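# Reading the structure
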Amino acid sequence: VQLVESGGGLVQPGGSLRLSCACSGFTFSYYGMSWHRQAPGKERELVALINYSGGIRNYTDSVKGRFTISRDNAKNTVYLQMNSLKPEDTAVYYCKVRRQNYDYWGQGTQVTVSS
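An account of the accompanying structure is given in this report. Predicted, not measured: the structure shown is a model, and the values here were computed from it. (Residues numbered from 1 in each chain as written. Predicted model: local features only at pLDDT ≥ 70, side-chain atom pairs only at ≥ 80, totals over all residues. Heavy atoms only, no water.)

Looking only at helices and strands, the protein chain features 0 helices and 11 strands. Beginning at the N terminus, the succession of helices and strands in the protein chain can be written as β-β-β-β-β-β-β-β-β-β-β. The C-alpha atoms of the protein chain give 13 Å as radius of gyration, which agrees with the globular expectation for 115 residues (13 Å, within 12%). Dimensions of the protein chain along its principal axes, counting C-alpha atoms only, are 40 × 25 × 20 Å. When each of the 115 residues of the protein chain is scored for burial, the buried share is 41%. Restricting to contacts in the protein chain with at least 6 residues of sequence separation, those with at least 24 account for 51%. As presented, the protein chain carries roughly 6,200 Å² of accessible surface, and 44% of it is formed by carbon and sulfur atoms. Here the protein chain holds 13 positive side-chain charges and 8 negative ones, and the gap between their average locations is 5 Å. (Helix = DSSP H or I, 4+ residues; strand = E, 2+ residues; numbered from the N terminus. Rg over C-alpha atoms; globule rule 2.2 N^0.38 Å. Buried < 20%, exposed > 50% of the residue type's maximum accessible area, 1.4 Å probe, protein only. Contact = heavy atoms within 4.5 Å. Areas by Shrake-Rupley, 256 points an atom, 1.4 Å probe, with all protein chains shown as cover. Lys, Arg positive; Asp, Glu negative; His and termini not counted. Charge placed at Lys NZ, Arg CZ, Asp CG, Glu CD.)

Next up on the list: the side chain of Thr90. Mapped onto the elements, Thr90 comes out in the loop between strand E8 (77–82) and strand E9 (91–99). Within polar-contact distance, the side chain of Thr90 engages the backbone oxygen of Pro87 at 2.9 Å. When neighbours within four sequence positions are excluded, Thr90 is seen to be in contact with Ala39, Gln110, Val111, Thr112 and Val113. (Polar contact = N/O pair within 3.5 Å; in protein donor to acceptor, adjacent residues only side chain to side chain.)

Our focus in this paragraph is the sheet that holds strand E1 (residues 2–6). Pairing in this open sheet of 4 strands is antiparallel, and the strands run E1-E3-E8-E7 from one edge to the other. At either end of the open sheet lies a strand with only one pairing partner, and these are E1 and strand E7 (67–72). Between one strand axis and the next, the sheet turns through 15° on average, direction left out of account. Strand direction decides the pairing type here: E7 and E8, joined by 6 bridges, are antiparallel. Note that in E8 the partner of Phe67 across the bridge is Met82. (Pairing = 2+ DSSP bridges. Axes fitted to C-alpha atoms, helices over the stretch in contact; angles between N-to-C directions.)

Next up, the structure:
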């Protein structure tokens, strides 16, 4: 199982970024996926999750209305569109899949929101 995030970077407050997580080594269309983030000195937190088909999506309260999780099962990729970014969104963002009761993580991508 391999998860590879990309799309992070430095953005000004109010800006947008789209993160991607390219997946391999498992049947992507069978599994729900999630995005998490970890800010310096804080615990890793769940940001958004999406079920296997994309029909069910949930978000943590702090990103509702600003972030959108989506997936393309033909490309084995899950996305996180982040709009109206705030300095408090600064963190390393990770995608995750739980498969056979084991959590697989990507290496993370840094998102920094600063003027």
